[in-house]
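Each chain, letter by letter, is given below.
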Amino acid sequence: MRWKSLFKKYIHNKYFYTGAVFLVWLAFFDQESLLEQLRLSRTLHELEDQKSYYQEEIEYNETTLQELENDSAKLEQLAREKYFMKRDNEEIFVIIKEKE
């Protein structure tokens, strides 16, 4: 019985209602609301994933660039495969698969 009287005492208090309205305002309607913080947190994780992807790409491109600068065979292979370059006495045949 004692818990009910304490519970009613706090529920019928004007500060309880003021605090409840304040918490609801902070959670949903404020510029820095809980929902906005969750959205920003999700965006931050997406940007961190993109950052790690681009850092890996930069490392790959740097190693590829170093290989191309130091190894003429790799440079020739890239030129033949990607840019369809050839020597004077060669012919290139490009085979394109048709979509079904």
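Going by the structure above, here's the rest.
The rules behind these values
Note that residues are indexed from 1 along each chain, following the sequence as it is written. Residues qualify for local features only when their pLDDT is at least 70, as the model is predicted, and side-chain atom pairs are given and counted only at 80 or more; totals for whole chains, interfaces and linings, by contrast, use all residues. With hydrogens and water set aside, each side-chain value is computed from the structure's full complement of heavy atoms. Every helix listed is a DSSP run of H or I at least four residues long, and every strand listed is a run of E at least two residues long, numbered separately from the N terminus. Each residue is assigned to one of three classes by its accessible area relative to the maximum for its type, calculated with a 1.4 Å probe on protein chains only: buried under 20%, partly exposed between the two thresholds, exposed over 50%. Each accessible area value is a Shrake-Rupley result obtained with a 1.4 Å probe; residue values ignore everything except the protein chains displayed when judging cover. For the charge count, each Lys or Arg is scored as positive and each Asp or Glu as negative, with His and the chain ends excluded. For charged residues, the charge sits on one atom: NZ in Lys, CZ in Arg, CG in Asp, CD in Glu. Any two residues having at least one pair of non-hydrogen atoms within 4.5 Å are treated as being in contact. When the centres of two rings from Phe, Tyr and Trp lie within 6.5 Å, Trp using its six-membered ring, the rings pair. Their planes under 30 degrees apart give stacked, over 60 give edge-to-face, and anything left gives tilted. Every case where a carboxyl oxygen of Asp or Glu lies within 4 Å of a side-chain nitrogen of Lys or Arg is listed as a salt bridge.

Here we look at the overall build of the chain
Broken down by element type, the chain carries four helices and zero strands. Each principal axis of the C-alpha distribution contributes one length, and for the chain these read about 100 × 40 × 30 Å. Out of the 100 residues belonging to the chain, those deemed buried represent 4%. As displayed, the chain offers around 10,400 Å² of accessible surface, 59% of which is attributable to carbon and sulfur atoms. Averaging the locations of the 15 positively and 20 negatively charged side chains of the chain gives two centres separated by 20 Å.

Side note on the environment of F16
Structurally, F16 can be placed in helix 2 (residues 14–29). On the accessibility criterion, F16 (40% relative accessible area) is partly exposed. Along the primary structure F16 and Q66 are separated by 50 residues, whereas in three dimensions their C-alpha atoms are 68 Å apart. Beyond its immediate chain neighbours, meaning those up to four positions away, F16 contacts Y10 and I11.

Brief notes about the side chain of S33
Along the chain, S33 turns up in the loop between helix 2 and helix 3 (34–70). When near neighbours in sequence (up to four residues on either side) are disregarded, S33 contacts L26, A27 and F28.

Regarding the packing of aromatic side chains
All told, the structure shown has three aromatic pairs when counted by the stated rule. For the ring pair F16 and Y17, a centre distance of 5.8 Å and an interplane angle of 70 degrees mean the geometry is edge-to-face. Taking the centre distance of 5.6 Å and the plane angle of 40 degrees together, the rings of W25 and F29 count as tilted. Of this pair, W25 and F29 both sit in helix 2, four residues apart, which is roughly one turn of that helix.

Describing the pattern of salt bridges
With the rule as written, the count across this model stands at four salt bridges. Note that E76 and R80 form a salt bridge whose closest N and O atoms lie 3.0 Å from each other. In this pair, E76 and R80 both sit in helix 4 (residues 72–83), four residues apart, roughly one turn of the helix. Residue classification places E76 among the partly exposed residues on the basis of a relative accessible area of 33%.

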